[in-house]
Every structure is written in structure tokens, then in C-alpha cells.
Amino acid sequence: MDISKEKLEWIYTTMYRIRRFEETMLEQTLKGNSMGVAHTSDGQEAPPTGICAHLTDKDWIGSTHRGHGHCISKGLETDKMMAEVFGKATGQCGGKGGSMHISDFSKGMLGANGIVGASIPLAVGAALTAKLKGIEHESVGVSFFGDGASSQGVLHESMNLASVWKLPVIFACENNGYAEATPSWYAVSAEDIASRAEGYGMPGIVVDGMDVFAVYDAAGEAIARARAGEGPTFIEMKTYRYHGHFHADDTSKYRKPEEEEFYKKLDAIKHFERTVSKQKLMTEKKMKSIRDSIEQEMLHAVEFALNSPMPDISTLYDDVYVNYSNPIAGLR
Amino acid sequence: MTTSQANNPLGPGYDGVAGSEMRFRDIFRDTLRAEMNRDDDVFLMGEDISGGFDKDTKEPLDAWGGPFAATKGLVQEFGVERIRDAPISEAGFVGAAVGSALTGMRPVVDLMYFDFVTVAFDQLLSNAAKSRYMFGGQTKVPLTLFARSGAGTGHAAQHSESFYSMLAHIPGLKVVVPSDPYSVKGLLAAAIRDDDPVFLVNDKKLINLTGFVPDEDYVIELGKGRYMRRGTDVTLVGMSYTSVVCQKAAEQLAEIGIDAEVIDMMSLSPFDEDILIESVAKTNNVVIVDEDTPRASMSSEFAAIIADKAFDHLDAPVKRVTSPHSPVPYNSALEQAFMPQPADVVGTVKNLLGRE
Ligand SMILES: Cc1ncc(C[n+]2csc(CCOP(=O)(O)OP(=O)(O)O)c2C)c(N)n1
Ligand SMILES: [Mg+2]
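Residues numbered from 1 in each chain as written. Chains lettered and ligands numbered in written order. Predicted model: local features only at pLDDT ≥ 70, side-chain atom pairs only at ≥ 80, totals over all residues. Heavy atoms only, no water.

Comments concerning the overall build of chain B
Selection rule: To qualify as a helix, a DSSP run of H or I must reach at least 4 residues; to qualify as a strand, a run of E must reach at least 2; elements of each kind are numbered from the N terminus. Restricting the calculation to C-alpha atoms gives the radius of gyration, and the globule rule supplies 2.2 Å times the number of residues raised to the power 0.38. For this analysis, residues touch if any pair of their heavy atoms sits within 4.5 Å. What sets the accessible areas is the Shrake-Rupley method with a 1.4 Å probe; for residues, cover comes only from the shown protein chains.
A tally of regular secondary structure across chain B gives 12 helices and 14 strands. What you see for chain B is a C-alpha radius of gyration of 20 Å, in line with the 21 Å of a compact globule of 356 residues. Contacts in chain B between residues at least 24 apart in sequence constitute 79% of all its contacts with a sequence separation of at least 6. Of the roughly 12800 Å² of accessible surface on chain B, a fraction of 50% belongs to carbon and sulfur atoms.

What to know about the layout of surface pockets
Using the following cut-off: Here a cavity is any set of points on a 1 Å grid over the protein atoms alone where a 1.4 Å probe fits but cannot get out, and a pocket is any open set with protein on both sides within 12 Å along at least 5 of 7 lines; a residue lines the site when it has an atom within 4 Å of a point. Grid points are joined across faces, edges and corners, and a volume is the space filled by probe spheres set on the points. Polar here means any residue outside two lists: the nonpolar Ala, Val, Leu, Ile, Met, Phe, Trp, Tyr, Cys and Pro, and the charged Asp, Glu, Lys and Arg; Gly therefore counts as polar.
The calculated volume of the second largest pocket comes to roughly 640 Å³. Lining the second largest pocket we find 28 residues, and of these Gly-177, Tyr-178, Trp-185 and Glu-259 of chain A together with Lys-55 of chain B sit closest to its centre. For the lining of the second largest pocket, the secondary structure elements donating two or more residues are helix H7 (184-187), strand E7 (233-238) and helix H9 (257-265) of chain A. When the residues that make up the lining of the second largest pocket are grouped by side-chain class, the tally is 11 nonpolar, six polar and 11 charged.

Overview of the packing of aromatic side chains
Cut-off, in case you're wondering: Aromatic pairs are defined between Phe, Tyr and Trp rings, using the six-membered ring for Trp, whenever the two ring centres lie within 6.5 Å; interplanar angles under 30 degrees are classed as stacked, those over 60 as edge-to-face, and all others as tilted. Two limits define a charge over a ring: the Lys NZ or Arg CZ must be within 6 Å of the ring centre, and within 35 degrees of the ring normal.
Summed over the entire model, instances satisfying the criterion amount to 21 aromatic pairs over all chains. Each ring, one from Tyr-321 of chain A and one from Tyr-324 of chain A, has its centre 3.9 Å from the other, and the planes form 5°; the classification is stacked. An aromatic cluster is present here, built from Tyr-12, Tyr-16, Phe-213 and Phe-272 of chain A joined pairwise through their rings. The cationic tip of Lys-58 of chain B hangs over the ring face of Trp-185 of chain A; the distance from NZ or CZ to the ring centre is 4.2 Å. When the ring centre of Tyr-227 of chain B is taken as origin, the NZ or CZ atom of Arg-230 of chain B, which lies over that ring, is 3.4 Å away.

Re the nonpolar core
Keep this limit in mind: Here the nonpolar core consists of buried residues drawn from Ala, Val, Leu, Ile, Met, Phe, Trp, Tyr and Cys, with membership extended through side-chain atoms lying within 4.5 Å. Partly exposed describes any residue whose relative accessible area lies between the buried limit of under 20% and the exposed limit of over 50%, with all areas from a 1.4 Å probe on protein chains only and scaled to the type maximum.
In terms of nonpolar packing, the biggest core is built from 59 residues, with Ile-51, Val-142 and Phe-272 of chain A touching the most fellow members. Residues within four places of Val-142 of chain A in sequence aside, it is in contact with Ile-51, Leu-55, Trp-60, Ile-61, Gly-62, Ala-123, Ile-170 and Ala-172 of chain A. If you look at the next biggest cluster of nonpolar residues, it comprises 53 residues, including Ile-220, Leu-222, Met-228 and Val-234 of chain B.

A look at the site of ligand 1
Applicable threshold: Note on terminology: near, applied to a residue and a molecule or strand, indicates that one of the residue's heavy atoms is within 4 Å of it. Residues adjacent in sequence count toward polar contacts only when both atoms are side-chain atoms; beyond that, a polar contact is any pair of N or O atoms within 3.5 Å, and within protein one must be able to donate a hydrogen and the other to accept it.
As a matter of local geometry, ligand 1 sits amid 22 residues, with His-65, Arg-66, Gly-114 and Gly-148 of chain A together with Glu-90 of chain B nearest to it. Two or more chains meet at ligand 1, and those chains are chains A and B. Backbone polar atom of Ala-149 of chain A to an oxygen atom of ligand 1: 2.9 Å apart, as the coordinates give it. Interatomic distance of 2.5 Å between a side-chain N/O atom of Glu-90 of chain B and a nitrogen atom of ligand 1.

Digging into the domain arrangement of chain B
Residue and element names in this part refer to chain B. Where we set the bar: Start and end points for every domain follow an automatic or database-based domain assignment. Buried area: the sum, over both parts, of the accessible surface (1.4 Å probe) that disappears when the two are put together. Between Lys or Arg on one side and Asp or Glu on the other, a salt bridge is scored when a side-chain nitrogen of the former is within 4 Å of a carboxyl oxygen of the latter.
Domain assignment breaks chain B into domain 1 (19-214) and domain 2 (226-352). A straight line from the C-alpha centre of domain 1 to that of domain 2 covers 27 Å. Listed by partner, the interface residues are 29 residues for domain 1 and 27 residues for domain 2. Considering only the surface of domain 1 that becomes buried against domain 2, Tyr-164, Val-177 and Ser-179 emerge as the three largest contributors, covering 24% of it. Our count for the contact surface shared by domain 1 and domain 2 stands at two salt bridges. Across the pair Glu-291 and Lys-205 runs a salt bridge, and its minimum N-O distance is 2.9 Å. Between domain 1 and domain 2 we count 14 residue pairs in polar contact (both at pLDDT 80 or more) in total.

What about the interface of chain A and chain B?
On the side of chain B, 49 residues touch chain A, which itself brings 54 residues to the contact. Linking chain A with chain B are four salt bridges. The residue Asp-54 of chain B makes a salt bridge to Lys-256 of chain A at a minimum N-O spacing of 3.4 Å. Summed over the shared surface of chain A and chain B, the result is 31 residue pairs in polar contact (both at pLDDT 80 or more).

Some remarks on the coordination of the magnesium ion (ligand 2)
All names here are of chain A. Inclusion rule: Counted as coordinating are nitrogen, oxygen and sulfur atoms within 2.8 Å of the metal, or 3.2 Å for Na, K and Ca, while water is not included, which may make sites look incomplete.
Looking at the metal site, the magnesium ion (ligand 2) is ligated by Asp-147 (OD), Asn-176 (OD1) and Tyr-178 (O), spaced 2.1 Å from it. Mapped onto the sequence, the residues coordinating the magnesium ion (ligand 2) show the spacing D-x28-N-x1-Y. With a gap of 29 residues between them, Asp-147 in the loop between strand E2 (141-146) and helix H6 (153-164) and Asn-176 in the loop between strand E3 (169-175) and strand E4 (178-179) connect regions that are remote in the sequence. Residues Asp-147 and Asn-176 agree in their burial class; the two are buried.

Comments concerning the confidence of the model for chain B
Residue and element names in this part refer to chain B. Quick note on the threshold: How sure the predictor is of each residue is captured by pLDDT, a score from 0 to 100.
When the pLDDT values of chain B are averaged, the result is 95; 96% of them are 70 or greater. Confidence over residues 1-7 falls short of pLDDT 50; this stretch has 14 contacts with residues more than four positions distant or in other chains. Scored by ipTM, the complex comes to 0.97, with pTM at 0.96.

Here's the deal with the sheet that holds strand E11 (residues 260-264) of chain B
Think of a sheet as strands paired side by side through backbone hydrogen bonds, with each pair either parallel or antiparallel. Residues and elements named next belong to chain B. Threshold: For two strands to be treated as a pair, DSSP must find at least two bridges joining them. Think of each axis as a best-fit line through the C-alpha atoms, taken over the contacting stretch in the case of a helix, with angles from 0 to 180 degrees between the N-to-C directions.
Strand order in the open sheet formed by five strands is E9-E11-E10-E13-E14, and the pairing between neighbours is mixed. Lying at the two open borders of the sheet, with one neighbouring strand each, are strand E9 (226-229) and strand E14 (319-322). Strand-to-strand twist in this sheet, taken as the mean axis angle between neighbours without regard to direction, amounts to 25°. Lying over the sheet, helix H10 (residues 298-309) contacts strand E10 (234-238), strand E13 (286-290) and E14, oriented at roughly 160° with respect to E13.

Considerations on the packing of helix H9 (residues 273-283) of chain B against H10 of chain B
Residues and elements named next belong to chain B. To keep it simple, the criterion reads: For this classification, under 35 degrees means roughly parallel, over 145 means roughly antiparallel, 65 to 115 means roughly perpendicular, and everything else is oblique. What makes a crossing left-handed is the near helix being turned counterclockwise from the far one by less than a right angle; a clockwise turn instead makes it right-handed.
Closest axis-to-axis distance for the H9/H10 pair is 10 Å, and the angle between their directions is 60°. In terms of orientation, H9 and H10 fall into the oblique class. For the pair H9 and H10, the sense of crossing is right-handed. Taken together, the residues of H10 that come into contact with H9 (itself represented by Glu-273, Leu-276, Ile-277 and Val-280) are Phe-302, Ile-305, Ile-306 and Lys-309.

Quick word on the environment of Ala-343 of chain B
Residue and element names in this part refer to chain B. Looking at the secondary structure, you find Ala-343 in helix H12 (residues 342-353). Taking the relative accessible area as the measure of exposure, Ala-343 reaches 53% and is therefore exposed. Taking C-alpha positions, Ala-343 is 19 Å from Met-228, a pair spaced 115 residues apart along the chain.

Structural notes on helix H8 (residues 212-227) of chain A
Residue and element names in this part refer to chain A. Rules: To estimate how far a helix should reach, multiply one less than its number of residues by 1.5 Å.
Taking 1.5 Å of rise per residue, the 16 residues of H8 would be expected to cover 22 Å, and the 21 Å separating its terminal C-alpha atoms lies within 8% of that figure. Turning to H8, its buried residues are Val-212, Phe-213, Val-215, Tyr-216, Ala-218, Ala-219, Gly-220, Ala-222, Ile-223 and Ala-226. Looking at the buried side of H8, the elements it contacts are helix H1 (5-30), helix H2 (46-52), E3, strand E6 (204-208), E7 and helix H10 (268-278). Gly-229 lies just past H8 and shows a positive phi near 80°.

Here it is, written out as C-alpha cells:
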């Protein structure tokens, strides 16, 4: 396998961090410590990890309502993410964005997004900036979106734009089989969403989204193409979300237990563990020490979020604009 | 409606009317059902309005039953053709609804959260609202849309908007804002039966509220407001959830001897100028309460009409209590500070009347 030891450790750490962040966040949300709506991405660790393994802070990603895994893969800190979910002043957006809007512009993370499909053109725009500045080799745009989002017109416009302008973009479709309760076989007219890439003049690749090595390899090629100025690629990753659409959703109303079991057998983290053990690429001791440190990190993240202060009420009026001469405050 | 029905939200005939206490969400669904039974051309489109299909049988599971379970059970009664689950393609299915309305159907579209209307805005503005006019009256667009607005539920900036003023700004489109179970029944039925495109904006905070609903079939005339409470000292103008805020404020004001009148606008386009003028002529003071942001809004529109047509009756300037000119914050304390609260209304009234 052509992956460095450090990279393998990063991949395991990242996938386990996503898994445990989501489980911890969900537990805290159900306890009432979150201030709002939260969507979990456990089960879907491989797509963002396998892709972001090739990126640096100079590359940009666009994300979705289910954005925690994208954030973590792009290097955001889990204490500030948890604090944002808790609505605290120390959160990634000062408590103003919440789970659906976590972002970190210093890390090339263009923000989780609550409007399905809305972040797709943002990644295209980031790639356009790179092209205009002549830094495609070190700054590509990756757009994460779901099977449901593939029905939005804006995806199709964005694909065409990226193709005609030959922009360094990766369209990273996380097909988890469902949009809310709606199965993709009902809402998507193609067997493989990636087949649509052909019509827009770019390669369309289908990969097993439960296999981080498959994602890593496909993404490596696509990103190398983008960095070389050869234009966009569409990667569809077939994956599965373990929990409900949002924290209070009951999946048993629309998914069969056999199906859930089937995907749990394909679990991306277990698959990684089996693979590296078989090929003697990482010891169980090493993996355990990574898991232990993540457990500590989660305890710390929750404690940090719980003990952080609330934002000051006056911040309500901050950052609506850079400059604005009228009062923002409401008429009271 | 006369002053003798002082605190009677429904006007004459309320006493002795057969009806029951119902939840907003239940009467909303019952009204959809009644309208679908009444007219075979009425059908519903939206994401997860039944929600989920069995992989083997392809039968609808009704797992979601619509956003906030608004349409739960309807797919069993009317089938998948008339309860039409849509892919996430707002521009596409709103446009298709307009096309279907232009060719003889009466589509009803559930846009889920009000914020998502912007994805379909072009179809609404350029096609739904303008077709009749620009084609010289040859056609009509009997389309109804609804969606959930409002802050207060931790949904943050992209799921909490109340910008119904943007819709009311569009010539050719009608806009209604129910504030309780009684008004949603009458307004939804009126919207579906109306031959123009009508958008019903439904504040999320109303969904679980209960109230008296008459059993009989009725519609509320589009463009009419109502008195929710009679008073003589100040007029509080509410719309959507702020009508509830105004009622709470009026109760608090009563405790300190201020007798407030509460108007619930119910319709934003067209809207009831007469009720505004009639009430201000009596109370001589007015506070308009709106969760929408204040620039170019319904509150500024009502203020302009009052200034124009009731100026001589005013003892003091028209006052507005609105959200700030900002997106909706996530943190719940900030979110509460964003929304107009009864205490804000009470404070404004006390200042206005020079009471301490
Ligand atoms: C424009 C828009 N329409 C509808 C929604 C409501 N909504 C939020 S997530 C979602 C399903 C998205 O499905 P998919 O793209 O497959 O992503 P997943 O939830 O599976 O990660 C829907 C319909 C929304 N947020 N924005
Ligand atoms: Mg999906």
C-alpha cells in the first residue's frame, strides 16, 4: 500500500475522531446541551477522510448540513466545534452559527450549509480564485454534497461551469442512500449519480464509500488532475449514515434493520483496522493509543463547551456587515 | 363585526357555534384533506410530504408525513399521484406547479422551511406572479404555496426567516399569515379556492398551539384583518406569530391599566387598510409588531398607510417593534433577543403613552 505511516495514523485518527465526535455530540444533544438541530455523519467517515488526506489548509472545501465530518477532516478543533453546537461564545462561530454553520476560513473550510446544494458553487468559486491567482497546483476546491442535493439545479450549473472553465474542482457526492426519509432510488433518476459527469465533460467515478483506501486512491488521482490544471472530477461515494437524518429522527420508520446491519458490517473504521492488521501496517497497540487519546479529547471538548460562557447579547448586532452607517438594532 | 364582541376573536355567531379546541397542525391537515376532497384538481407536492418508500413493494411509508408531520396520513387517503413526493428540486417543482396551474390544475406546494423559497424565487416572481398580467389576462395561476417561518427553535440563520415582506412586494402574488387554528383553517381554504397564486406563511411557533375551530366549512376573505381584543388606549398590530405576542403584551398592559386593542392582520397582500384606520381613529396610538426585519417591510408599509390615511387621528408617532436588521443567530439567548417579545411591546407602549 502506497500510504505513509504518518498518513495512515492521520486517517485512523480522523475517522475515529469523527465517529466519536458524532456519538458524543448526539448524546449531548439528547441531554439538552445543544441549542438546536444537529445532523450526525457517523458511518460516513471514509469520504471526507479519504479526500481531505490529500488537502492542505490552502485547499478549500464546501460542506452541508451534515458537516461535522468535513470539518474534522479539514483539521477543525473538536472543542470549538462542540462549543458551537452548544451555542457558546468560544464556539467556532461565536455561537451564532450552530451545528449547521460551522466554518473555519483559516483552515480552508467554507462552512457547513443549511440550504441543500448551496455550498456547491462556493467550492467552484474557490477553484476559480485559485485559477485566477495561478495557484491551482496548491489550492483546489472540493464540494461535498449528498444524493439528495444532486437533484438541485445548482449542482448541474456548477458542474458545467467547472468544466467549461477547466477549474480545479472535485464534486464529492456522498450517496448515503437517503435524503431525509426519501430513498435515492426514488428521487434520483440514474443508477449512479456519477454517470451524469459524462454529460458535463468530466470523469465520473463510483467508489465504495465505506472503504477509506478506495476513496483515498480515487481522490488522489482526481486531486492530482485538478492540481495539474486538467479540470474537475466527479466522485460518487456510496456510504451510509448510522443515525437518523437529524438528532430526533427515527430511522426504523423508513429503513429496514437488515439494511442497517448490512452497512454496519462494512463499517469504515473496522474495515481500516482489518486491513492494516492484515498487512501489518499498524499495531493494535498504536490504534488503541489513538482511540484512548480521542476519548480524552471528547471528554475535554464537552467540558470545554459546558464551561464556556454564553455570547454577550450585544454580539447580536456584530458582523452583519463590515461597514454600515445605519443602526442594526431592531425598532423597539 | 362590532365593538359589542369586545374580546371575541371570531365576531358575531361565535357563541353557540359548533366546534372544538384543536391544534394548529391538526386543523391544517384536516383543511388540506377537506380541500382535496372538495376538488379533484387539488394535489400536493413537496419533499417528504409522505416520506420514504418500501424498497420491495415501492409503496409509500409515510415515515416523515411531511415537514412537522403536516401531511401525515394523506398519502393513504389520496395516493402517490396526489400526494406527490418530490426530489430536492425547489426551482423545478415550483415551476412545474406553475405550469400545472396554468393548464388547469390547482397545485399546492409545501416548501418546508420558508427560507427555501429563495431557491424557487424566479419561478414565483417571473412566472407565477406575472403570467396573468403579461399575457393580457388570458390565463390564471390557481397555485397555493406554504412554508414554515420564524425564529425561536434553534434552527439558525438559514432556517428561521420571516421575510414575507419580500413576497408581499410582488404584484400578482397574494400573501396570508395565519396566527391560530381558526385563521389557518379559513385562510388555507380561501387560498386553495382562490384563482391567484397565494403564499401562506406559517410561523413554526404556532404549529403546536391550540384554539377553538368551528366545525362548519368557512373561508376567511383574503385581505381582511380582525380584532383579537378590543381596547381604547393603543392599537397593537400583529401578524403571524406577533399577533400572539401582541395578545400577551395586551394582557400585561391591562394589569397596569392600559387598555390595548389587538389587530391580527391575517393577510399581508392584499391587506386591510380599513381596520388599521378604524382602530387608530379610536385609540390614537399605534404600535406595529413584526418578526420580519424592519427595512422595506410590512411594518414600514403599515406605518406609511397609517401616516397617510390616519394622520389626523394620531396623538404620537407610529411606533414599530421589530427584529433587528440582521440574520437570525443560533444561540438561544441571542435568538430570543432577536425576536420581538411581549416585554418589548409593553416597554414601547409605556414610552408612547408617557407612563412609567
Ligand atoms: C433547499 C433545501 N431544501 C430542502 C432542505 C431540507 N433538507 C435538509 S437536508 C435534506 C436532505 C438532504 O439529503 P442529501 O443531500 O442526500 O444529504 P444527507 O442528509 O443524506 O446527508 C433536506 C431535504 C434544505 N435544507 N434546503
Ligand atoms: Mg443522502
